[in-house]
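Structural characterization, general
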Amino acid sequence: MTAHTASLLNAILLVSLSGWGYFTSETPSPTALIPAIIGVLLLLMNPGVKRHNKAIAHVAVLLTLIVLLGLVMPLRGAMERDDSAALIRVAVMMASTVIAMIFFVKSFIDARRAREAGESPA
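Residues numbered from 1 in each chain as written. Predicted model: local features only at pLDDT ≥ 70, side-chain atom pairs only at ≥ 80, totals over all residues. Heavy atoms only, no water.

Focus: the overall build of the protein
- When helices and strands are counted, the protein shows five helices and zero strands.
- Along the protein, helices (α) and strands (β) appear in the sequence α-α-α-α-α when read from the amino end.
- Dimensions along the principal axes, computed over C-alpha positions, put the protein at roughly 55 × 25 × 20 Å.
- Evaluated residue by residue, the protein yields a buried proportion of 34% over its 122 residues.
- Put simply, 63% of the contacts in the protein that link residues at least 6 apart link residues at least 24 apart.
- Approximately 7500 Å² of the protein is accessible, and the part contributed by carbon and sulfur atoms is 69%.
- The protein carries 10 positive and 7 negative side-chain charges, and their two centres are separated by 11 Å. (Helix = DSSP H or I, 4+ residues; strand = E, 2+ residues; numbered from the N terminus. Buried < 20%, exposed > 50% of the residue type's maximum accessible area, 1.4 Å probe, protein only. Contact = heavy atoms within 4.5 Å. Areas by Shrake-Rupley, 256 points an atom, 1.4 Å probe, with all protein chains shown as cover. Lys, Arg positive; Asp, Glu negative; His and termini not counted. Charge placed at Lys NZ, Arg CZ, Asp CG, Glu CD.)

As for the nonpolar core
- Counting residues in hydrophobic clusters, the biggest one holds 20 residues, and the most contacted among them are Leu42 and Leu71.
- Of all the secondary structure elements, the ones that give two or more residues to this core are α1 (3–24), α2 (34–50), α3 (54–70) and α5 (84–116).
- Residue contacts for Leu71: discarding those within four places in its chain leaves Leu14, Pro35, Val90, Met93, Met94 and Thr97. (Core = buried A, V, L, I, M, F, W, Y, C linked by side-chain atoms within 4.5 Å.)

Structural notes on the side chain of Ser7
- With respect to the helices and strands, the residue Ser7 is situated in helix α1.
- Other than its neighbours up to four places away in sequence, Ser7 contacts Leu42, Asn46, Ala100 and Phe104.

Remarks on unusual backbone geometry
- You will see that His52, though not glycine, has its phi angle at about 65°, which is positive.
- Among the secondary structure elements, His52 is positioned in the loop between α2 and α3.
- For His52, a relative accessible area of 44% translates into the label partly exposed.
- The phi angle at Asp82 is positive, at roughly 60°, despite the residue not being glycine.
- Within the element layout of this structure, Asp82 appears in the loop between α4 (72–81) and α5.

Pasting the structure below:
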C-alpha cells in the first residue's frame, strides 16, 4: 500500500465514522465532526500526496498526527461511558490513522533513500 492510498482510506473512514457518530448521537456535539473536517481536508490533499508534492504531504502528515492525538479524548470518553459503538468507531479511526502515519513515514524514508541514491521517488 502506498502513502496516498493509506491516507485516502483513512480520510474516508474519518469522514464516515465521525459523521455516523454525530448523526446517531442523542446529544450531538459539533466537535464530533472535527475528524470529518480533517478527513475532507485529507481527501482534498490526496492528489498532491499521490504526485509526491512534499509540502502537501507534510501538511497531510501533520493533520494525520493532529487527528490521532485528538482522538485520544473521545476514546477515553467512550470507555468511561461504556459506549461500545463509540469505542469501536474511535478505535477504528485511530487504527486507520496510525496505519496512514506508518505509510507516510515509510514513503518519506523511501524518498530520502531514492534522493541519496540519485533516483526519483516511485
